[in-house]
Amino acid sequence: MAQDQPPKQIRVGVLALQGAFAEHIILLKTLPQVSDAVAIRTADEIAQVDALVIPGGESTTMALIAERSGFWPALQEYVRTHPTWGTCAGMILLSERVTSGGTINNDQKLLGGLSITIKRNAFGSQKESFEAGLHVAGVENSEVQRFPGVFIRAPVIDEILAPEKVEVLCQLERDYKSTPKGTIVAVRQGHLLGTSFHPELTRDARVHQYFVKMAIDWIANNPKSA
Ligand code: GLN
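Residues numbered from 1 in each chain as written. Predicted model: local features only at pLDDT ≥ 70, side-chain atom pairs only at ≥ 80, totals over all residues. Heavy atoms only, no water.

Student: Give a description of the site of the ligand that names residues and reports values.
Tutor: Around the ligand sit G56, G57, E58, S59, C88, A89, I92, R120, N121, I152, R153 and H198, and those are all the residues in its vicinity. Between the ligand and the protein, one listed contact pairs a nitrogen atom with a side-chain N or O atom of N121 at 2.6 Å. In the complex, 98% of the free accessible area of the ligand, which totals 300 Å², lies under the protein chains. Here the shell around the ligand is composed, by residue class, of four nonpolar, five polar and three charged. (Near = heavy atom within 4 Å. Polar contact = N/O pair within 3.5 Å; in protein donor to acceptor, adjacent residues only side chain to side chain. Areas by Shrake-Rupley, 256 points an atom, 1.4 Å probe, with all protein chains shown as cover. Nonpolar A, V, L, I, M, F, W, Y, C, P; charged D, E, K, R; others polar.)

Written out as structure tokens, the structure is:
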């Protein structure tokens, strides 16, 4: 039966409430396994896609817009059951707990799903942005040709709350100011992927490729959820 076959192509949505969504759409459209990449702003639109990217931007603003427009419950339900990748602010939204300035912030609205604690703005302000070569486990050839990680007011993963469920994909290979070597900047937990950095701001589609393959494999193994 056709529907028992794993999909060869998927339709990917990019949350487009705020932030760097257009750049994700451009890169996703270059991948042969992506039949279409579209901006998502409503519950009707999100129901049409197989997987979702939550871009970088401002996590508090994105949550506020989703809540005010009534989209938050559908977004939260979608993320619980579909492959989703959060970059930077997107990863903050997928986390269970956030600290800023050393204290836990219980007021920030989160989608959750990634069993991690996030430290927001770990490297300081916008002018502290930098690029770091990264080896991301599973990302093609990145052990030889490092992936160009762009960090802009980036969060880091401070604590893994469920080590048996969370796979660490990438750690910093040297100190960056007060953020030490070994700090975790990419994780995967089942159908969820989180990266501190912004692959959509490079011309290197390898992390997008990784996510799309991860989503296709996950859908093939969890056909009822997709
Ligand atoms: N500092 C932003 C936040 O807390 C994230 C920055 C980014 O996405 N580039 O939401």
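Student: Go over the UniProt feature "binding site: L-glutamine" (unreviewed entry) in the protein with me, naming the residues and quoting the values.
Tutor: The UniProt feature table records "binding site: L-glutamine" (unreviewed entry) at G57, E58, S59, R120, I152 and R153. In sequence the annotated residues extend across 97 residues, while in space they remain close, none of their C-alpha pairs exceeding 13.1 Å. The residue E58 is located in the loop between β3 (51–54) and α3 (59–68) in this model. On the accessibility criterion, E58 (19% relative accessible area) is buried. Each residue touching E58, except ones within four places of it in the same chain, is listed here: Q18, A89, R120 and R153. As for its placement among the helices and strands, R120 is situated in the loop between β7 (114–119) and β8 (130–134). Aside from chain neighbours lying at most four places away, what touches R120 is E58, S59, T60, I92, V98, T99, S100, Q108, A154 and P155. At a separation of 2.7 Å, a polar atom in the side chain of R120 contacts the side chain of E58. (UniProt positions renumbered as here; feature names shortened; annotations may be inferred. Helix = DSSP H or I, 4+ residues; strand = E, 2+ residues; numbered from the N terminus. Buried < 20%, exposed > 50% of the residue type's maximum accessible area, 1.4 Å probe, protein only. Contact = heavy atoms within 4.5 Å.)

Student: Requested: an account of α3, with residues and values cited.
Tutor: Turning to α3, its buried residues number three or more, namely S59, M62, A63 and A66. Along the axis of α3, the buried residues cluster in a sector spanning 95°; they form a single face. In this structure, the buried residues of α3 make contact with β1 (10–15), β3, α4 (72–81) and α5 (89–94). Among the residues trailing α3, G70 stands out with phi positive, at a value near 80°. (Arc of directions from axis to C-beta.)

Student: Which residues make up the pattern of salt bridges, and what are the values?
Tutor: Taken as a whole and assessed by the stated rule, the structure comprises ten salt bridges. In this structure, R11 engages D36 in a salt bridge whose closest nitrogen and oxygen atoms are separated by 3.2 Å. In this pair, R11 sits in strand β1 while D36 sits in strand β2 (residues 34–40), placing the two residues 25 residues apart along the sequence. Here D36 falls in the partly exposed class, since its relative accessible area comes to 26%. (Salt bridge = Lys/Arg side-chain N within 4 Å of Asp/Glu carboxyl O.)

Student: I'd like to hear about the side chain of T87, residue by residue, with values.
Tutor: Inspection of the secondary structure puts T87 in strand β4 (residues 84–87). In this structure, T87 is in contact with H24, I54, P55, G56, T195, F197, P199 and E200, ignoring residues within four places of it in sequence.

Student: Please provide a residue-by-residue account of the nonpolar core, values included.
Tutor: In terms of nonpolar packing, the biggest core is built from 41 residues, with I10, L28, F123, L134, F151, V185 and F197 touching the most fellow members. Among the elements that line this core, the one with the most residues is helix α6 (residues 206–221), at eight residues. Residues contacting L134, with those up to four places away along its chain left out, are S142, R146, F147, G149, F151, C170, L172, E173, V185 and F197. (Core = buried A, V, L, I, M, F, W, Y, C linked by side-chain atoms within 4.5 Å.)

Student: Describe the state of the cysteines, listing the residues and the values that go with them.
Tutor: Counted according to the given criterion, the structure contains zero disulfides. In this model C170 remains outside any disulfide bridge; the closest cysteine sulfur is found in C88, 14 Å from its own. (Disulfide = S-S within 2.5 Å.)

Student: Quick one: what's the story with the packing of aromatic side chains, residue by residue and with numbers?
Tutor: For the coordinates displayed, the defined rule picks out seven aromatic pairs. Pairing F123 with F151 gives two aromatic rings, centres 5.5 Å apart and planes at 65°, and the pair type is edge-to-face. In this pair, F123 is assigned in the loop between β7 and β8 and F151 in strand β9 (residues 147–151), connecting sequence segments 28 residues apart. Across the pair, exposure class does not vary: F123 and F151 are buried alike. Residues F151 and F197 carry aromatic rings whose centres are separated by 5.8 Å and whose planes lie at 50° to one another, so their mutual orientation is tilted. Placement of the pair is F151 in strand β9 and F197 in the loop between β13 (192–195) and α6, with a sequence separation of 46 residues. Each of the two residues, F151 as well as F197, counts as buried. One aromatic cluster in this structure is built from F123, F130, F147, F151, Y176 and F197. (Phe/Tyr/Trp six-rings, centres within 6.5 Å; stacked < 30°, edge-to-face > 60°.)

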